[in-house]
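Letter by letter, the chains look like this.
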Amino acid sequence: MTNTITTPGTEPRLWLAVPAVSFLGIGIELLLASVAFPYAVWAGVAGCVIASCILCYQAYQKPRRDLVSLFTPLFAFLILVIPNEISSGGVIVQTVFAATITFLAVRVEKVFNAPKLQEKTMKQMLNEYIGRIEPLLAVIDEETGHLVAQSLLTYKFGLYGNAMEKSTEALARLDAITPRPGTLERALLILRERAGGFAESRVTTNPEHLFTEEDYDDLAVRLAKDQVEDPTVLDLDNALILLYAVGIETSPDDEQALEEHQRFIIQILEGYKEKLAR
């Protein structure tokens, strides 16, 4: 299973606004205090409060959230706005607060700005697989797609005789397609052979039909040789996923039925979840 990466959510230089606004407010306070302005202290308070809000926004937009930074506006209100022993410290307390939130801003940018890996769901992987085999799907006509879909659905319902018949009909139609989709041909042969075994109440342990190395790029589950426990099971699973992809993309008449049984394919992919994650 592969992963997606979430990119940073804010401008990389936004953190600079935190020290700029907070210390600017303190500077304006000192300037106003020098001319004996009675409300000079509120310039420093306003600068720190606004800067804490900027820090909160910065932290909220990051892929990973820093709870301390998210709550800095609350801390600013409790420490600087509400009258208390701490707020009476004036410029000294404001300077310490501004330095603290500056440190937090740098910390958020350096530590919490790292891209976050998000695990893909099996449905996302299925959709990406369908997109990856678009060249193969492009040569399949609607009638062939319908037979492919019916091969899969009848197999899913345990109608193995019908699955063999539909697979044979689909294989016959591949003769008219150029270039011949070899991977799809082998998927149908694998399904027909397994269905024939089940129809006779036997398990196919040494199958005649297998995928080849040239099919690798068109398969959904691609594992290293040391990860494959049972090549026969892996081939069947890849065949079922491929037939589903072909059917749902090329046969409008079967789209709803295949969507209703998508969970069947998702469960196959989930069986390889840990191995695909390596």
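Keep in mind the model is a prediction, meaning the values are calculated, not measured. Starting from 1, residues in each chain are numbered consecutively following that chain's sequence as written. Per-residue local features are limited, in this predicted model, to residues with pLDDT of at least 70; the limit for side-chain atom pairs, both in listing and counting, is 80 or more; totals at the level of whole chains, interfaces and linings are taken over all residues. Working from all heavy atoms in the structure, the side-chain values ignore hydrogens and water.

Novice: Outline the domain arrangement of the chain, supporting the account with residue identities and numerical values.
Specialist: Its domain assignment divides the chain into domain 1 (14–113) and domain 2 (122–277). Look at where the C-alpha atoms of domain 1 and domain 2 centre, and you get two points 61 Å apart. How far each domain reaches was decided by an automatic or database domain assignment.

Novice: Any details on the pattern of salt bridges? Residues and values, ideally.
Specialist: Here a salt bridge means any side-chain nitrogen of Lys or Arg lying within 4 Å of a carboxyl oxygen belonging to Asp or Glu. A full pass over the atoms with the stated rule returns eleven salt bridges. A salt bridge links Arg222 to Asp217, with the nearest nitrogen and oxygen atoms 3.8 Å apart. By relative accessible area, Arg222 is classed as partly exposed at 30%. Only protein chains enter the accessibility calculation, which uses a 1.4 Å probe; a residue is then buried when its area is under 20% of its type maximum, exposed when over 50%, and partly exposed in between. Taking relative accessible area as the criterion, Asp217 reaches 51% and is therefore assigned exposed. Its salt-bridge partner being Glu270, residue Arg263 comes within 3.1 Å of it at the nearest N-O pair. Given a relative accessible area of 45%, Arg263 falls into the partly exposed group. According to the relative accessible area criterion, Glu270 is partly exposed, its value standing at 35%. Overlapping salt bridges, with partners in common, bring together Asp175, Arg180 and Glu185 in one network.

Novice: Pulling in residues and values, what's your account of the packing of helix α2 (residues 41–61) against helix α5 (residues 91–111)?
Specialist: Here the axes come from fitting lines to C-alpha atoms, over the contacting stretch only for helices, and the angles between their N-to-C directions go from 0 to 180 degrees. Secondary structure is summarised from DSSP: a helix means a run of H or I of at least four residues, a strand means a run of E of at least two, and numbering begins at the N terminus for each. Contact pair α2 / α5: the axes reach a minimum separation of 10 Å and the direction vectors enclose 15°. When the axis of α2 is compared with that of α5, the two are roughly parallel. In the packing of α2 onto α5, the handedness of the crossing is left-handed. Residues Val41, Gly44, Val45, Cys48, Ala51, Ser52, Leu55, Gln58 and Ala59 of α2 form the contact with α5, whose own contacting residues are Gln94, Phe97, Ala98, Ile101, Leu104, Ala105, Val108 and Glu109. Oblique is the label for any angle not covered by the other classes, which are roughly parallel (under 35 degrees), roughly antiparallel (over 145) and roughly perpendicular (65 to 115). Crossing handedness: left-handed means the near helix sits turned counterclockwise from the far one by under a right angle, and right-handed means the same turn made clockwise. Here, residues are in contact when the closest pair of their heavy atoms is within 4.5 Å.

Novice: Quick rundown of the nonpolar core? Include the residues and the values.
Specialist: Counting 50 residues, the largest nonpolar core has Leu126, Val221 and Ile241 as the members making the most contacts within it. Those elements giving two or more residues to this core turn out to be α6 (122–132), α7 (134–138), α8 (142–156), α9 (160–173), α10 (182–199), α11 (231–250) and α13 (262–270). With eleven residues, α11 is the single largest residue contributor to this core. Each residue touching Leu126, except ones within four places of it in the same chain, is listed here: Ile241, Tyr244, Gln262, Ile265, Ile266 and Leu269. Counting residues in hydrophobic clusters, the runner-up holds 19 residues, among them Cys48, Phe97, Ala98 and Ile101. For the purposes of this section, nonpolar cores are sets of buried Ala, Val, Leu, Ile, Met, Phe, Trp, Tyr and Cys residues that join through side-chain atoms within 4.5 Å.

Novice: Give a description of the environment of Trp15 that names residues and reports values.
Specialist: Among the structural elements, Trp15 can be located in the loop between β1 (3–6) and α1 (17–34). Residue Trp15 is classed as partly exposed on the basis of its relative accessible area, which comes to 24%. Distance from Trp15 to Arg132, taken between C-alpha atoms, is 40 Å for residues 117 residues apart in sequence. Excluding anything up to four places from it in sequence, Trp15 contacts Gln58, Ala105, Val106 and Glu109.

Novice: Pulling in residues and values, what's your account of a negative patch on the surface?
Specialist: A cluster of acidic residues, Glu134, Glu249, Glu255, Glu259 and Glu260, forms a negative patch on the protein surface. With three residues, the single largest contributor to the negative patch is helix α12 (residues 255–260). Along the chain, Glu249 falls in helix α11. Patch membership requires over 30% relative accessible area and the absence of a salt bridge. Like charges are linked within 9 Å, and nonpolar side chains (Val, Leu, Ile, Met, Phe, Trp, Tyr) within 5 Å. Using a 1.4 Å probe, the Shrake-Rupley method yields the accessible areas, and only the shown protein chains count as cover for residues. Charged residues are defined narrowly, with Lys and Arg counted positive, Asp and Glu counted negative, and His plus the chain ends left uncounted. A charge is said to be at NZ when it belongs to Lys, at CZ for Arg, at CG for Asp and at CD for Glu.

Novice: Break down α8 for me, with residues and values.
Specialist: The end-to-end C-alpha distance of α8 is 21 Å, a good match for the 21 Å that 15 residues give at a rise of 1.5 Å each. Contacts from the buried residues of α8 go to α9, α10, α11, α12 and α13. By the N-cap criterion, in which a side-chain oxygen at the helix start approaches the backbone nitrogen of a residue two or three places on, α8 is capped by Asp141, the distance to Glu143 being 3.1 Å. With its phi angle positive at about 80°, Gly158 sits one or two positions after the end of α8. One less than the number of residues in a helix, times 1.5 Å, gives the span that helix is expected to have. Distance and chemistry together define a polar contact, namely a pair of N or O atoms within 3.5 Å, with one atom able to donate a hydrogen and the other to accept it when in protein, and with adjacent residues in sequence counting only for side-chain atoms on both sides.

Novice: Any chance you could break down the side chain of Gln262 for me, citing the residues and the numbers?
Specialist: Checked against the element boundaries, Gln262 lands in helix α13. At a separation of 3.2 Å, a polar atom in the side chain of Gln262 contacts the side chain of Tyr244. When residues no more than four places from it in sequence are discounted, the contact partners of Gln262 are Lys123, Leu126 and Tyr244.

Novice: Just give me the short version of α11, but keep the residues and values in it.
Specialist: The end-to-end C-alpha separation of α11 is 28 Å, in line with the 28 Å expected for 20 residues at 1.5 Å each. With respect to burial, α11 is a largely interior element, 17 of its 20 residues being buried. Where α11 starts, the residue carrying a side-chain oxygen 3.0 Å from the main-chain nitrogen of Thr232 turns out to be Asp230.

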